[in-house]
Amino acid sequence: MQYSKLGRSNLTVSKICLGTMHFGPVTPEDEAFRIMDRALEMGINFFDTANVYGRKVHSGLTEEIIGRWFSQGGGRRDQVVLATKVYGFMMDSPPPNEEAGISAYKVRKHAADSLRRLQTDHIDLYQVHHIDKRITLEEFWNPFDRLINAGDVLYMGTSNFPGWGLAKFQMAARQRGMTGFVSEQAQYNLLSRYPELEVIPAAADFGIGVIPYMPLAGGLLTGKKAAVTGSRTQAVENEYGISLGDDQFAAYTSFCREIGESEHVVAIAWTLNNPAVSSAIVGVRTVAHLDGLERAAELTFTPEQLARLDDIFHITKGRPLGSGPAPEAFAW
């Protein structure tokens, strides 16, 4: 496994981050345990989750599963850089202060709840799951500052932030003498390059490591010939307005065959090729989905190969897949 520093921090993370979103609703607990054990064996030390994951059964379920895995001992917790998130609501018909967003009230409560579910005394990377456009700078940073000073949180990160949001909150953190953000999760892959327009340049300038999620575009970049009805891949086809029957996917498979690599390996490695990227999140449903990830962490491309990939996916200077203001144009 290959490693990098997370943004400008001195925290070392594996270039592959284990995405746990499927644990619970899709992946049963015993298989999730096997996945996490195998990930550690492979050298993957970076695990990403969120307080809302597991919502199809109940919000918080994924954190609970990870917590029970930690509780088995064997040094599991000490080997993992643990990332979770705060922003979303945790119950159906939430009361006013539990609705989606960030507040001092909510951050204090939700951080304590995540620590309890995860059965740990600290969160290594606490990520704001989406930008709250209403909150003041003071109310945003005060509760996170308290968590850091108490040792409950070590580093702060973001997810689905626009470039202006990174700049706004990072400058405020600097004025307070804080480290601020060390990471930003963005939906970034060969089919979704909108973050190259503003998010990635802003992150690079501020020393914020980019952690792409959906590097495989929901399965579109894995070599599949067709999406199963009702599958996540079919949903992403509809979201992106493309089809696995399009010529670009056949050309992509041919390119991968030419260089002797699997489609999923090439797709993940391509995101890691961007110098602003610290680690790529791969959502895993089975142990078998871990196969080849070490190769993705080490594969590099020639300038000619990168140009070929740009040509296959009809990219010149980045092609937005949505419209309107960031981050809604390229995230939820």
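Since this is a predicted model, take the numbers as computed values, not measurements.

Visitor: Explain the pattern of salt bridges here, please?
Guide: Between side chains of opposite charge, a pair can form when the charged atoms approach closely. One pass over the structure, following the stated rule, counts 18 salt bridges. Across the pair E63 and R117 runs a salt bridge whose closest N-O atoms are separated by 2.8 Å. On the criterion of sequence distance, the pair formed by E63 in helix α2 (residues 61–70) and R117 in helix α3 (residues 104–118) is long-range, its members being 54 residues apart. No difference in accessibility class separates E63 from R117, as the two residues are buried. Among the salt bridges present, the one from R116 reaches D113, with a minimum N-O distance of 3.6 Å. Here R116 and its partner D113 are both found in helix α3, three residues apart, which amounts to about one turn of the helix.

Visitor: Mind showing me how you'd approach the side chain of T120 here?
Guide: Mapped onto the secondary structure, T120 falls in the loop between α3 and β6 (123–128). From its side chain, T120 meets the backbone oxygen of H122 in a polar contact 3.2 Å long. Excluding residues within four positions of it along the chain, T120 makes contact with R77, L82 and L115.

Visitor: Hey, could you run me through the pairing of strand β9 (residues 209–213) in this one?
Guide: A regular strand carries its side chains on alternate faces of the sheet. For β9, the tally of buried residues reaches five of five residues, placing the bulk of the element in the interior. Neither face of β9 is exposed, since G209, I211 and Y213 on one face and V210 and P212 on the opposite face are all buried. The pairing of strand β8 (residues 181–187) with β9 spans five bridges and is classified as parallel. Across the sheet, residue A186 finds its bridge partner in β9, namely P212. Where the polypeptide runs from β8 across helix α6 (residues 199–206) and back to β9, its parallel neighbour, the crossover connection is right-handed.

Visitor: I keep staring at the nonpolar core and nothing clicks. Help me out?
Guide: One recurring pattern in soluble globular proteins: nonpolar side chains tend to sit buried together. Residues L18, M36, Y126, W141, F144 and Y252 are the most contacted members of the largest nonpolar core, which totals 102 residues. The contacts of M36, once residues within four sequence positions are left out, are L18, F23, F47, I65, I66 and W69.

Visitor: I'm lost on the sheet that holds β8 in this one. Help?
Guide: On the basis of which strands lie adjacent, the open sheet formed by eight strands has the order β9-β8-β7-β6-β5-β4-β3-β10 and parallel pairing. Edge strands, defined here as strands with exactly one partner in the open sheet, are β9 and β10 (280–283). Neighbour to neighbour, the strand axes of the sheet diverge by 30 degrees on average, direction disregarded. Relative to the sheet, α3 contacts β5 (81–86) and β6, its axis offset from that of β6 by approximately 135 degrees. Lying on the sheet, helix α4 (residues 137–150) is in contact with β5, β6, β7 (153–159) and β8; it crosses β7 at an angle near 145 degrees.

Visitor: Help me understand the pairing of strand β3 (residues 16–19), please; the structure alone is not making it clear to me.
Guide: Burial of the side chains of β3 extends over both faces: I16 and L18 are buried on one face and C17 and G19 on the other. Across four bridges, β3 lies against β10 in parallel orientation. Bridging from a neighbouring strand, C17 pairs with I281 of β10. Examined bridge by bridge, β3 and strand β4 (residues 46–48) share three bridges and lie parallel to one another. Looking at the pairing, L18 lines up with F47 of β4. At this point the chain moves from β3, through helix α1 (residues 29–42), to the parallel β4, and the crossover so formed is right-handed.

Visitor: Help me understand the layout of surface pockets, please; the structure alone is not making it clear to me.
Guide: Any empty space left between the atoms is revealed when a probe the size of a water molecule rolls over them. There is about 1,500 Å³ of room inside the largest pocket. Surrounding the largest pocket, 48 residues form its lining, M21, H22, M214, R232 and G283 being those nearest its centre. For the lining of the largest pocket, the elements supplying multiple residues, two or more each, are β8, α7 (232–240) and β10. Looking at the lining of the largest pocket residue by residue, the classes come out as 21 nonpolar, 18 polar and nine charged. Residue lining of the second largest pocket: P96, N97, E99, A100, G101, I102, S103, K106, D132, R134, I135 and E139, and that is the complete set. Class assignment for the residues of the lining of the second largest pocket results in four nonpolar, three polar and five charged.

Visitor: How should I be thinking about α7 in this particular structure?
Guide: Structural remark: α-helix, 3.6 residues per turn; residues separated by three or four positions point the same way. Buried within α7 we find T233, V236, E237 and Y240. Across the axial projection of α7, the buried residues extend over an arc of 110 degrees, all falling on one side. Contact partners of the buried residues in α7: β8. Of the residues flanking the end of α7, it is G241, one or two places downstream, whose phi is positive at about 70 degrees.

Quick notes on the rules
Residues numbered from 1 in each chain as written. Predicted model: local features only at pLDDT ≥ 70, side-chain atom pairs only at ≥ 80, totals over all residues. Heavy atoms only, no water. Salt bridge = Lys/Arg side-chain N within 4 Å of Asp/Glu carboxyl O. Helix = DSSP H or I, 4+ residues; strand = E, 2+ residues; numbered from the N terminus. Buried < 20%, exposed > 50% of the residue type's maximum accessible area, 1.4 Å probe, protein only. Polar contact = N/O pair within 3.5 Å; in protein donor to acceptor, adjacent residues only side chain to side chain. Contact = heavy atoms within 4.5 Å. Pairing = 2+ DSSP bridges. Right-handed = clockwise from strand over helix to strand, strands pointing away. Core = buried A, V, L, I, M, F, W, Y, C linked by side-chain atoms within 4.5 Å. Axes fitted to C-alpha atoms, helices over the stretch in contact; angles between N-to-C directions. 1 Å grid on protein atoms, 1.4 Å probe; cavity = no way out; pocket = protein on both sides within 12 Å on 5 of 7 lines; lining within 4 Å. Points joined across faces, edges and corners; volume = space filled by probe spheres on them. Nonpolar A, V, L, I, M, F, W, Y, C, P; charged D, E, K, R; others polar. Arc of directions from axis to C-beta.

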